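Overview (structure and organization)
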Amino acid sequence: MNRGGVGHSVLRIEDDRLVTGQGRFAGDIAGSDCLHAVFVRSCHANCRIHEVDISAALDLPGVKAIFTARDLMDAGIGDIGSLTRRVRADGDRIASAPRPVLAGSLARYAGDPIAVVIATTRYEAEDAAAAVRVVDEALASVTALEKAAAGPLVWPHIAGNRAFRLDFGNEGDVEEAFARASHVTCQDIAISRVTAAPLEPRNGIADWNAALDRYELTVGTQSPHMLRNELAMVLGVPASGLHVMSPDVGGSFGLKNAAFPELVAILWAARQCGRPVFWEASRSESFLADDHARDNLWSVEVAFDADARILGVRAYLAANLGAYLSTYGGNSPLNNLVGLLGPYAIPAASVTVSGYVTNTNPVAAYRGAGRPEASLAIERTLDTAARELGLDRVELRRRNLIPPASIPWRTPLGPVIDSGDFAGTMALALQRADWEGFPARRARAAGEGRLRGIGIANHLESAGSVARDMAELRFDAEGCAELCVGTAAQGQGHETAFRQLLGDFLGLPFDAIRIAASDTDLVHEGNGAYGSRSLTVISAALGGVRDEILARARRLAAHLLECGEHDLVFEAGAFRVAGADIRIALQDVARASHDPARLPAGFEPGLAARCTWQPSACNYPSGTHVCEVEIDPQTGEVRLLGYVALEDCGRVINPALLAGQIHGGIVQGAAQVLMEAIVHDEYGQILTGSFLDYAMPRASDMPSFVVEDDSHLATTNPMGIKGAGESGTVGALPAVLSAVLDALAVAGVHDLDMPATPSRVWRALSARALLEQNRLAVDGEGG
């Protein structure tokens, strides 16, 4: 049965198994023959390791082996490198900060793995890990980004702890713009550190296949092929020496897109022990061991002319990279700077990005990977500018939006914005949010002793990528199709969306399609799912597959129907002879392709096609978010009351999937503004190392969202699709903070760094009230 093609809100078919407990996660697959791995981790943010004494632990029941850095070094196991390949202005590459599988002489953050214990059960492995004695010497550390430059060196060869400084834009144009400015607004912004906290912690089942002389790894990951290549390099084997399989993935948001030390360790351990090894992080371990995200300091300057039109933007970004350069961690502050300019007609811009190493968990991509941070930087600065200029926030934005007549618009940072009606999208969002009726709602709240605020954010981001990817379709003898794709799902609804595309392209019913992904043996090649790229690239690759399949099938159909190929029309999943009531379904043609007796001369048996497609440029989703909040000044509690998101994601394959992606993204952005934060003490210990201290959003924390689409087709892929996976977070981070600050402005508070927790909000209000009392007292004495 065909459940609906492109443009229909088809419910996710994968949910049938996921919500009934039939999902296949690593914990479901690990067999009874698996040994269990537990890691011994550094207790210090920076320490010299003098000895790792495993003698007592080895004698405990169930312990099969304990490995340290020396074992891996003797076996030739390498370090994990970074895939950030940028070159600095001086011609040198970004400073090297390779990640050891197990720390040897130095551990560089609290949680750095030092040894791995392999035992028959998880409990035995945990007991033995507790018995491993690490003789170490705590050293001075630096964790706070603002102290990195003056802090103790994390790496002796990285002066001032700055791994790189990269400059973008044209400083000369910016200098000229600022020289003729009538007004300049400056804004400093601190963006907190967060962790992904996926529902399913990181994990892996490692094995050594002696018969095939290769490693095998079952792991939840976004990019099986990339992970295979990176791990094989560290293990010192060819890519063919590692088979990676990824079953269902219980959330990722960028976290599970890297080559982690634990995976190398359990693979090597499985080979040494001759049995499969299973590792799954506990929730507490995840806080210590997972890569973190965000952690930026921005300084933004915007120059305006006398009519409040932007002449130029200058920005400085300091990014915390953590102790090691993660697989893609260096990319996050570099790749998405187009968001700093938003959908605004800014003629000149320059950005300086400095990346600093610190004694903290490595920083990696996390939903948006630089996009939400850049969007927050410009939107908060515009709110400040509106206050300084005495202009309405909406009017200031309206004056500076890129007009439709100027599209395509080349930004001063390079990218070309190819589509969109930014003023129209903003107008729709304001209408849906009843912006005009807000003053009355604010007055009612004030009468009841509450502070009410409304925030707005126009966002634009760089989505997709210029990396190629593949789709392959193979029909079996029963006429069913198997689709192999190079992107791996972690909840986006690929199994549904790809079936919708094939339903439109080839008229295939959903139940005639199997999806094969996330297996490096089954799928020829793949770049994985990240940066909201899957539908844009796979839809284009499927277009090529469709053309090749139909060309081959047309030849066979003409032979079977005894007509010319030019006489055939393909529609609704079947070939029909023009002007006659004679037809044959594509699935019947596929069945015939496996019967040599029914094939024309020279026709190769079977019906299959493979296409690889590479975009020439990214696509640029945009939108307007409006958020409304209330604050109880007596407690500092912030309540979200309303949220409207108008999104331009190009052609929409499935509106229900799009809404789900936006909903999830909004919650992640709002939660960072209101509650989430990784906090370290002065010694580098994580103070928010569990859900008792690290607040996570609940459904009751969120209002009902209004999500609508205002599509303008992209020109960078055949179907005009724009990415959607990050849009909710990119818009939410600035919109929610804008609303909070608007509410606080009534009480005279104009600056507050995230997260806007009740205690932090209450302290800001109390400090402002005390300041006002003192001012009145001084004025009274002077009078």
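Just above, that's the structure.
Per chain, residue numbering runs from 1 following the sequence as it is written. In view of the model being predicted, local features appear only for residues whose pLDDT reaches at least 70, and side-chain atom pairs are presented and counted only at 80 or more, with totals across whole chains, interfaces and linings using the full set of residues. The basis for every side-chain value is the complete set of heavy atoms in the structure, and neither hydrogens nor water enter the calculation.

Thoughts on the overall build of the chain
- Helix and strand assignments follow DSSP, with helices taken as H or I runs no shorter than four residues and strands as E runs no shorter than two, numbered in order from the N terminus. Each helix and strand counted, the chain has 21 helices and 28 strands in total.
- The globule rule used for comparison is 2.2 Å times the number of residues to the exponent 0.38, while the radius of gyration itself is calculated over C-alpha atoms. Whereas a compact globule of 783 residues would reach a radius of gyration of roughly 28 Å, the chain reaches 28 Å, a difference of no more than 12%.
- Each of the three principal axes of the chain carries a C-alpha extent, and together these read 110 × 75 × 55 Å.
- A separation of at least 24 residues holds for 80% of the contacts in the chain among residues at least 6 apart in sequence.
- Each accessible area is a Shrake-Rupley result for a 1.4 Å probe, and residues are judged covered by the shown protein chains and nothing else. When the accessible area of the chain is evaluated, it comes to approximately 29,600 Å², of which 51% is carbon and sulfur surface.
- Counting rule for charge: Lys and Arg are taken as positive, Asp and Glu as negative, and neither His nor the chain ends is counted. By convention, the charge on Lys lies at NZ, on Arg at CZ, on Asp at CG and on Glu at CD. Charge-centre separation for the chain: the mean point of 68 positive side chains lies 2 Å from the mean point of 95 negative side chains. Residues count as neighbours in contact if any of their non-hydrogen atoms are within 4.5 Å of one another.

Some points on the packing of aromatic side chains
- Here the aromatic set is Phe, Tyr and Trp, taking the six-membered ring for Trp, and pairing holds for ring centres within 6.5 Å; pairs whose planes are under 30 degrees apart are stacked, those over 60 apart are edge-to-face, and all others are tilted. Under the criterion given, the structure shown has ten aromatic pairs.
- A ring pair is formed by W208 and Y215, whose centres lie 4.9 Å apart and whose planes are at 70 degrees; its orientation type is edge-to-face.
- Ring centres of Y643 and F705 lie 5.8 Å apart, and the angle between their planes is 80 degrees; this geometry places the pair in the edge-to-face category. On the criterion of sequence distance, the pair formed by Y643 in strand β27 (residues 638–648) and F705 in strand β28 (residues 705–709) is long-range, its members being 62 residues apart.
- With relative accessibility at 15%, the residue F705 sits in the buried group.
- Put simply, the rings of Y109, W155 and Y324 pair up and form one aromatic cluster. Three exposure classes are used, based on accessible area relative to the maximum for each residue type with a 1.4 Å probe and protein chains only: buried under 20%, partly exposed in between, and exposed over 50%.

Things to note about the pattern of salt bridges
- The rule for a salt bridge is simple: a side-chain nitrogen of Lys or Arg has to be within 4 Å of a carboxyl oxygen of Asp or Glu. By the definition in use, this model includes 47 salt bridges.
- Two residues, R214 and D521, come together in a salt bridge whose shortest N-O distance is 2.7 Å. Of this pair, R214 sits in strand β10 (residues 214–218) while D521 sits in the loop between β21 (513–516) and α17 (534–561), and the two are 307 residues apart along the sequence.
- Judged by its relative accessible area of 13%, R214 is buried.
- Where R398 meets E395, a salt bridge forms, and the shortest distance between an N and an O atom there is 3.1 Å. With R398 and E395 both in helix α13 (residues 393–400) and three residues apart, the pair spans about one turn of that helix.
- What makes E395 partly exposed here is its relative accessible area of 25%.

A few points about the sheet that holds strand β18 (residues 451–460)
- Across the sheet, four strands lie side by side as β18-β26-β27-β28; this open sheet has mixed pairing. Where the open sheet ends on each side, the last strands, each with one partner, are β18 and β28. With strand direction ignored, the average angle separating the axes of adjacent strands in the sheet is 10 degrees.
- The sheet contact formed by strand β26 (residues 622–631) and β27 spans ten bridges and is antiparallel. Directly across from H625, in β27, lies its bridge partner A645.
- In this description, a line fitted to the C-alpha atoms serves as the axis of each element, helices being fitted only across the stretch in contact, and the angle between N-to-C directions of two axes falls anywhere from 0 to 180 degrees. In this fold helix α15 (residues 438–447) packs onto β18 and β26, with an angle of close to 145 degrees to the strand it touches most, β18. Two strands qualify as a pair provided DSSP detects at least 2 bridges between them.

Thoughts on the sheet that holds strand β23 (residues 574–577)
- Strand order across the open sheet formed by three strands is β22-β23-β24, with antiparallel pairing between neighbours. Each edge of the open sheet carries a strand with a single partner, namely β22 (568–571) and β24 (583–585). Pairwise comparison of adjacent strand axes, ignoring direction, gives a mean angle of 20 degrees for this sheet.
- Pairing analysis gives four bridges linking β22 to β23, with the strands arranged antiparallel. Bridging across to β23, F570 finds its partner in F575.
- Against the sheet, α17 contacts β22, β23 and β24, and its axis sits at roughly 125 degrees relative to β22.

Some thoughts on the pairing of β27
- With eight of its eleven residues buried, β27 lies for the most part within the structure.
- The turn joining β26 and β27, which pair antiparallel and follow one another in sequence, is formed by six residues; a positive phi near 80 degrees is taken by G636.

Remarks on the pairing of β26
- When you tally the buried positions in β26, you get ten out of ten residues, the bulk of the element.
- On β26, burial covers both faces: S622, T624, V626, E628 and E630 on one face and G623, H625, C627, V629 and I631 on the other are all buried.
- Of the pairings in the sheet, the one linking β18 to β26 comprises ten bridges and is antiparallel in character. Bridging from a neighbouring strand, I456 pairs with V626 of β26.

Considerations on the environment of G250
- Among the secondary structure elements, G250 is positioned in the loop between β11 (242–245) and α8 (261–273).
- With 52 residues separating them in the primary sequence, G250 and P198 have C-alpha atoms 6.7 Å apart.
- Once residues lying within four places of it in the same chain are set aside, the contact partners of G250 are F25, P198, L199, E200 and K256.

Digging into the nonpolar core
- Ranked by internal contacts, the top residues of the largest apolar core, which has 106 residues, are W298, V313, L340, V626, I631, Y643 and L674.
- Ranked by residue count, the leading element in this core is helix α20 (residues 727–745), at ten residues.
- Among the nonpolar cores identified, the runner-up in size contains 46 residues, and I513, L550, A557 and A609 belong to it. By nonpolar core we mean a set of buried residues, namely Ala, Val, Leu, Ile, Met, Phe, Trp, Tyr and Cys, connected to one another through side-chain atoms within 4.5 Å.

Side note on the packing of helix α12 (residues 371–389) against α20
- Contact pair α12 / α20: the axes reach a minimum separation of 8 Å and the direction vectors enclose 30 degrees. For the pair α12 and α20, the sense of crossing is right-handed. Residues R371, P372, E373, S375, L376, E379, R380 and D383 of α12 touch α20, and the partners they reach there are T729, V730, L733, P734, L737, S738 and L741.
- Within the contact of α12 with α20, the residues separate by chemical class into seven nonpolar, three polar and five charged. Crossings are classed by handedness, with left-handed meaning an anticlockwise turn of the near helix from the far one by less than a right angle and right-handed meaning a clockwise turn. Any residue that is not Ala, Val, Leu, Ile, Met, Phe, Trp, Tyr, Cys, Pro, Asp, Glu, Lys or Arg is counted as polar, Gly included; the first ten are nonpolar and the last four charged.

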